[in-house]
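Summary of structural features
For reference, the chains in residue letters:
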Amino acid sequence: MITHHPSDFTLARLAAGTLGAGPQLVVATHLSGCPRCRRGLRSFWAVGGAMLDEAAPTRLSPDAFAQALRRLDETDPPAEPAARVLHPDLPPPLNAYEIGRWRFVRPGFRWRRLTLPESPDANVIMLKIAAGQPVPHHGHSGTEYTQVLTGSFTDSLGRYRAGDCIEMDEDVNHQPVVDQDGECICLAAVEGRLRLSGWIGRLIQPLIGI
């Protein structure tokens, strides 16, 4: 059962197109398995449509329609490439993205990076952490968005299971620990940077690059 969801503010940003590409992918992955949040997103779309309907009209040039038709005649639309499914074992929003190989950080801790062609600078990674293993204690210079894909983990604020989406802002410092019943795989994106604590954190930071 999903108990943690993106905030209404995040869904509103997604509906408005102002959420960054990395967080957008994490939230889209959550939406693929959460009917409640899909309904919430549709509500924000409806609000945005109503606001457009009520907005004052803008005067166009007299030949605006003719110009649009000419541009359509001059440009053939590119053929749509067939969608590639690179990772059928992952939620649909992740299927078409290039995902690097798992990289070793320390025993029980691996990571890999996702490449987003639409936003090469986006900080999006997957973490695979063994049962009972902690993540280095850390804070954030912006909001961290995490989607639990498999397994579960716990921190001082609660327990998070597969399907949960967690937002942690710059006021949160925590040390997640994977539950004892199995490894945990998470998808994470950060607006800003992580602030990893301790000597292990300082070693890991250059490796994962977020």
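Our subject is the structure that appears above.
Summary of the structure given here. (Residues numbered from 1 in each chain as written. Predicted model: local features only at pLDDT ≥ 70, side-chain atom pairs only at ≥ 80, totals over all residues. Heavy atoms only, no water.)

Topic: the overall build of the chain
Stated formally: Where helices and strands are cited, they refer to DSSP runs of H or I of at least four residues and of E of at least two residues respectively, numbered from the N terminus. Only protein chains enter the accessibility calculation, which uses a 1.4 Å probe. A residue is then buried if its area is under 20% of the maximum for its type, exposed if over 50%, and partly exposed in between. Here, residues are in contact when the closest pair of their heavy atoms is within 4.5 Å. For every accessible area listed, the method is Shrake-Rupley and the probe measures 1.4 Å; residues are considered covered only by the protein chains on display.
In terms of helices and strands, the chain carries five helices and twelve strands. Of all 210 residues assigned to the chain, the portion counted as buried reaches 38%. Of the contacts made within the chain by residues no fewer than 6 positions apart, 64% connect residues no fewer than 24 positions apart. On the chain, roughly 12,300 Å² of surface is accessible, and the fraction owed to carbon and sulfur atoms is 57%.

What to know about a positive patch on the surface
What counts is decided by this rule: By definition, no residue in a patch forms a salt bridge, and every one has over 30% relative accessible area; like charges are joined within 9 Å, nonpolar side chains (Val, Leu, Ile, Met, Phe, Trp, Tyr) within 5 Å. Any carboxyl oxygen of Asp or Glu that lies within 4 Å of a side-chain nitrogen of Lys or Arg is treated as forming a salt bridge with it. For the charge count, each Lys or Arg is scored as positive and each Asp or Glu as negative, with His and the chain ends excluded. All charge positions are set by atom: Lys at NZ, Arg at CZ, Asp at CG, Glu at CD.
A surface patch of like charges, here positive, comprises Arg36, Arg38, Arg39 and Arg42. Mapping arginine 42 onto the fold places it in helix α3 (residues 35–54).

Side note on the pairing of strand β8 (residues 158–161)
The cut-off we apply is this: Any two strands are treated as partners once DSSP identifies two or more bridges connecting them.
Burial along β8 is one-sided: Gly158 and Tyr160 are buried, and none of Arg159 and Arg161, which face the opposite way, are. Sheet analysis places strand β7 (residues 152–155) next to β8, joined by four bridges and oriented antiparallel. Looking across to β8, one finds that phenylalanine 153 is bridged to tyrosine 160. Where β7 folds back onto β8 in an antiparallel hairpin, the turn is made up of two residues.

What to know about the packing of helix α1 (residues 8–16) against helix α2 (residues 21–31)
Which entries qualify depends on this criterion: In this analysis, axes come from line fits to C-alpha atoms, helices being fitted only over the stretch in contact, and the angle between any two N-to-C directions falls in the range 0 to 180 degrees. Roughly parallel means an angle under 35 degrees; roughly antiparallel, over 145; roughly perpendicular, 65 to 115; everything else is oblique. Each residue is assigned to one of three groups, with Ala, Val, Leu, Ile, Met, Phe, Trp, Tyr, Cys and Pro labelled nonpolar, Asp, Glu, Lys and Arg labelled charged, and all others, Gly among them, labelled polar.
Remark: α1 packs on α2, axes separated minimally by 11 Å, with the N-to-C direction vectors making an angle of 105°. In terms of orientation, α1 lies roughly perpendicular with respect to α2. Contact residues: α1 offers Thr10, Leu11 and Leu14, while α2 offers Gln24, Val27 and Leu31. For the contact of α1 with α2, the class distribution of residues is four nonpolar, two polar and no charged.

Some remarks on the environment of phenylalanine 44
Of note, phenylalanine 44 is situated in helix α3. Separated by 31 residues in the primary sequence, phenylalanine 44 and arginine 13 place their C-alpha atoms 9.2 Å from one another. Excluding residues that lie within four positions of it along the chain, phenylalanine 44 makes contacts with Asp8, Leu11, Ala12 and Ala15.

With respect to the sheet that holds β7
In space, the three strands of this open sheet follow the order β8-β7-β10, with antiparallel pairing throughout. With partners counted over all chains shown, the strands left at the sheet margins are β8 and β10 (177–178), one partner each. Summarising the sheet, β7 and β10 pair through two bridges and their orientation is antiparallel. Directly across from phenylalanine 153, in β10, lies its bridge partner valine 178.

Some words on α2
With eight of eleven residues buried, α2 lies mostly within the body of the structure. Those residues of α2 lying buried are Gly22, Pro23, Leu25, Val26, Val27, Thr29, His30 and Leu31.

Re the pattern of salt bridges
As enumerated under the stated definition, the model contains three salt bridges in all. The salt bridge involving glutamate 191 is made with arginine 13; its shortest N-O contact spans 3.0 Å. Taken together, the positions of glutamate 191 in the loop between β11 (184–190) and β12 (194–196) and arginine 13 in helix α1 put the pair 178 residues apart, joining distant regions of the chain. Classification of arginine 13 as buried rests on a relative accessible area of 17%. Between aspartate 181 and arginine 159 there is a salt bridge, with the nearest N and O atoms lying 3.8 Å from each other. Of this pair, aspartate 181 sits in the loop between β10 and β11 while arginine 159 sits in strand β8; the two residues are 22 residues apart in sequence, bridging distant segments of the chain. For arginine 159, a relative accessible area of 32% translates into the label partly exposed.

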